[in-house]
Amino acid sequence: MKKIIFVIAIGLIFLTGCTGVKTLSTGLENEAFIEFIGKPSNYSGGVDVNIDDKSTFKAEVNKDHADRPKGKVYAISTGTHTVTVSYNNNVIFKKQIFVSAQETKEIILP
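Residues numbered from 1 in each chain as written. Predicted model: local features only at pLDDT ≥ 70, side-chain atom pairs only at ≥ 80, totals over all residues. Heavy atoms only, no water.

It is worth spelling out the packing of aromatic side chains at this point. For any two aromatic rings, the description comes down to two numbers: the centre-to-centre distance and the angle of the planes. Going through the model one piece at a time under the given rule, you end up with 3 aromatic pairs. A centroid spacing of 6.0 Å and a plane angle of 50 degrees characterise the contact between F36 and Y74, whose relative ring orientation is tilted. Taken as a pair, F36 in strand β1 (residues 32–37) and Y74 in strand β4 (residues 74–76) lie far apart in primary sequence, 38 residues in all. Just as F36 is buried, Y74 falls in that class too. Taken together, a centroid distance of 5.3 Å and an interplanar angle of 85 degrees make the contact between Y43 and Y87 edge-to-face. Of this pair, Y43 sits in the loop between β1 and β2 (47–51) while Y87 is found in strand β5 (residues 79–87), placing the two residues 44 residues apart along the sequence. By relative accessible area, Y87 is classed as buried at 18%. (Phe/Tyr/Trp six-rings, centres within 6.5 Å; stacked < 30°, edge-to-face > 60°. Helix = DSSP H or I, 4+ residues; strand = E, 2+ residues; numbered from the N terminus. Buried < 20%, exposed > 50% of the residue type's maximum accessible area, 1.4 Å probe, protein only.)

Now the structure itself:
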């Protein structure tokens, strides 16, 4: 009888020690990125960027690195946006763009 109680106790210890299978499902963050490419010496102090006439910020211009993004990138929400870039109060780029989740869109400045 003591052996049966001992076996049951050991079995219960093993059963309570097992937590089962745990799964985790994650998706991509709902954000995209834009990078401004050009000759940085032409845009000293950076450029002014306006997204959808709602948010305005100062951005630095990066050199073109075809193999990988190197420099500063800026996070925006996914979807369609109108991007306006100006330097010294002159509009140098204005275009409607579409960006998907985790995409980095390069904006080539003249």
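When you tally the buried positions in β1, you get 6 out of 6 residues, the bulk of the element. Where burial is concerned, the two faces of β1 agree: the one with A32, I34 and F36 and the one with F33, E35 and I37 are both buried. As defined by bridge partners, β1 adjoins β4 across 3 bridges and the pair is classed as antiparallel. Its bridge partner lying in β4, A32 is registered against I76. Sheet topology note: the β1/strand β7 (residues 104–108) ladder contains 5 bridges and is parallel. Residue pairing in the sheet places I34 in a bridge with K105 of β7. (Pairing = 2+ DSSP bridges.)

The quantities given are spatial measurements derived from coordinates; they are silent on function.
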